[in-house]
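These are the residues of each chain, in order.
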Amino acid sequence: MSVLVLVLSVSAACCLGFGFVLQQNAASHAPLSDFLSPRLLLDLVRVPRWLGGIGLMVCGMVLGAIALGKGEISLVEPLLATNLLFALALSRHQTKQPLGRQGWAGLLLLAGGVSAFIVAGQPEGGDAISDPLRHWLIIGVMVGLALLLTAYAKRTRLSSMPVLLSLAAGLLYGVQDALTRVSGQRFGEGGWAELLTGWQPYAVLALGVTGLVLVQSAFETAPLRMSLPALTAAQPIAGIICGVGFLGDQLRTDAGALAWEAAGLAAVVVGIVLLGLHPAMPRGTSATKPTLDLQPH
């Protein structure tokens, strides 16, 4: 594994984790009338803490895009999932909660799962699949599932709603990461002319804005522990599916390797859940608060 890819991916995860905490702190004060509406972004843009969180997220996305340009998505995505460790670190600093057994268990499972998946799978680059039907099939399944989750969340308005919205956003972000890598390849091959004549960069923008609305709506209606674990778990899984499905990423497929890869991903998901439910994660404010707090926090 390239040291540069490792540093870029972990730096991106750090920016994303810190940014998510700041975003949720601000979004939890937004009016519920903005739920699942672009108006939510227009209201939040007036909150300095949210802008700081968005700035960190943009830095994380840029660093992640550079990492995706230099490494396989099946390698970068699990490393990006460690953003939850940095989110917990900032939250722990705010709440002064000790890690305890749950925190240490989640940390070890997440870090160990990422390591097990990378060591067992040994992700390598390969030739991208040129069949457009396969591209659209995989992307369509991911986006379609995200739409179904969003529609169900909007209908239910139950306690599971922020989890469903975060899962949907994670799927979209995973596809966005895959298309970001494709966009980077097009730019490397032909510069701006090649990049802007393809549909991929516009899809990246659309997926990013849609995912942002979903995430902020989830942050608005529930504590971070209800939303961030689902987002963090869904994004790498969707990204790996796209990477192996049509970007040409290759993983070891012998029985032993597959078993360790599955165990690693399972450990990542369990670790994410344990960390997301840790008492140090922000509880947020009551979702019934009708007004937006525009004062700097």
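It should be emphasised that the depicted structure is a prediction, and the values quoted were computed from it without experimental measurement.

1. Some words on the side chain of Asp249
Line of reasoning, step 1. Relative to the elements of secondary structure, Asp249 occurs in the loop between helix H10 (224-246) and helix H11 (255-276).
Line of reasoning, step 2. Those residues in contact with Asp249 that lie beyond four places of it in its chain are Glu72, Ile73, Ser74, Glu124, Arg181, Gly243 and Val244.

2. A closer look at helix H3 (residues 48-70)
Line of reasoning, step 1. For H3, which comprises 23 residues, the first-to-last C-alpha distance of 33 Å matches the rise-based estimate of 33 Å (1.5 Å per residue) to within 8%.
Line of reasoning, step 2. If you check which residues of H3 are buried, you get Trp50, Gly53, Ile54, Met57, Gly60, Gly64, Ala67 and Leu68.

3. Section: the environment of Ala238
Line of reasoning, step 1. Tracing the backbone shows Ala238 in helix H10.
Line of reasoning, step 2. With relative accessibility at 0%, the residue Ala238 sits in the buried group.
Line of reasoning, step 3. In this structure, the C-alpha to C-alpha distance between Ala238 and Gly248, residues ten residues apart in sequence, is 15 Å.
Line of reasoning, step 4. Beyond its immediate stretch of four places on either side in the chain, Ala238 contacts Met142, Gly170, Leu171 and Gly174.

4. Topic: the packing of aromatic side chains
Aromatic rings in a pair are described by how distant their centres are and how their planes are angled relative to each other.
Line of reasoning, step 1. Taken as a whole, this structure holds four aromatic pairs when the rule is applied.
Line of reasoning, step 2. Aromatic pair Trp136 and Trp199: ring centres 4.6 Å apart, planes at 25°, arrangement stacked. With Trp136 in helix H7 (residues 132-156) and Trp199 in the loop between helix H8 (161-196) and helix H9 (200-221), the pair connects residues that are 63 residues apart, well separated along the chain.
Line of reasoning, step 3. Overall, the relative accessible area of 49% leaves Trp136 in the partly exposed class.

5. Describing the packing of helix H6 (residues 100-121) against H11
Line of reasoning, step 1. Their axes nearest at 7 Å, the elements H6 and H11 cross at an angle of 155°. As far as their axial angle goes, H11 and H6 are roughly antiparallel. The element H6 and its partner H11 pack so that their crossing is left-handed.
Line of reasoning, step 2. Broken down by class, the residue content of the contact of H6 with H11 amounts to 17 nonpolar, seven polar and one charged.

6. Considerations on the packing of H10 against H11
Line of reasoning, step 1. Interaxial distance between H10 and H11 falls to 8 Å at its minimum, and their mutual angle equals 160°. Compared by their axis directions, H10 and H11 come out roughly antiparallel. The hand of the H10/H11 crossing is right-handed. Residues Arg225, Pro229, Thr232, Ala233, Ile237 and Ile240 of H10 form the contact with H11, whose own contacting residues are Leu265, Val269, Ile272, Val273 and Gly276.
Line of reasoning, step 2. Within the contact of H10 with H11, the residues separate by chemical class into eight nonpolar, two polar and one charged.

7. Comments concerning the pattern of salt bridges
Where charged atoms of side chains with opposite charge meet at close range, the side chains can pair.
Line of reasoning, step 1. Taken as a whole and assessed by the stated rule, the structure comprises four salt bridges.
Line of reasoning, step 2. For Asp249, the salt bridge is made with Arg181, and the minimal N-O distance between the two is 2.7 Å. Residue Asp249 is located in the loop between H10 and H11, and its partner Arg181 is located in helix H8; the two are separated by 68 residues in the primary sequence. There is no split in this pair, since Asp249 and Arg181 are both buried.
Line of reasoning, step 3. The residue Arg252 makes a salt bridge to Asp254 at a minimum N-O spacing of 3.3 Å.

Analysis parameters
- Residues numbered from 1 in each chain as written.
- Predicted model: local features only at pLDDT ≥ 70, side-chain atom pairs only at ≥ 80, totals over all residues.
- Heavy atoms only, no water.
- Helix = DSSP H or I, 4+ residues; strand = E, 2+ residues; numbered from the N terminus.
- Contact = heavy atoms within 4.5 Å.
- Expected span 1.5 Å × (residues − 1).
- Buried < 20%, exposed > 50% of the residue type's maximum accessible area, 1.4 Å probe, protein only.
- Phe/Tyr/Trp six-rings, centres within 6.5 Å; stacked < 30°, edge-to-face > 60°.
- Axes fitted to C-alpha atoms, helices over the stretch in contact; angles between N-to-C directions.
- Parallel < 35°, antiparallel > 145°, perpendicular 65-115°, else oblique.
- Left-handed = near helix turned anticlockwise from the far one by under 90°.
- Nonpolar A, V, L, I, M, F, W, Y, C, P; charged D, E, K, R; others polar.
- Salt bridge = Lys/Arg side-chain N within 4 Å of Asp/Glu carboxyl O.

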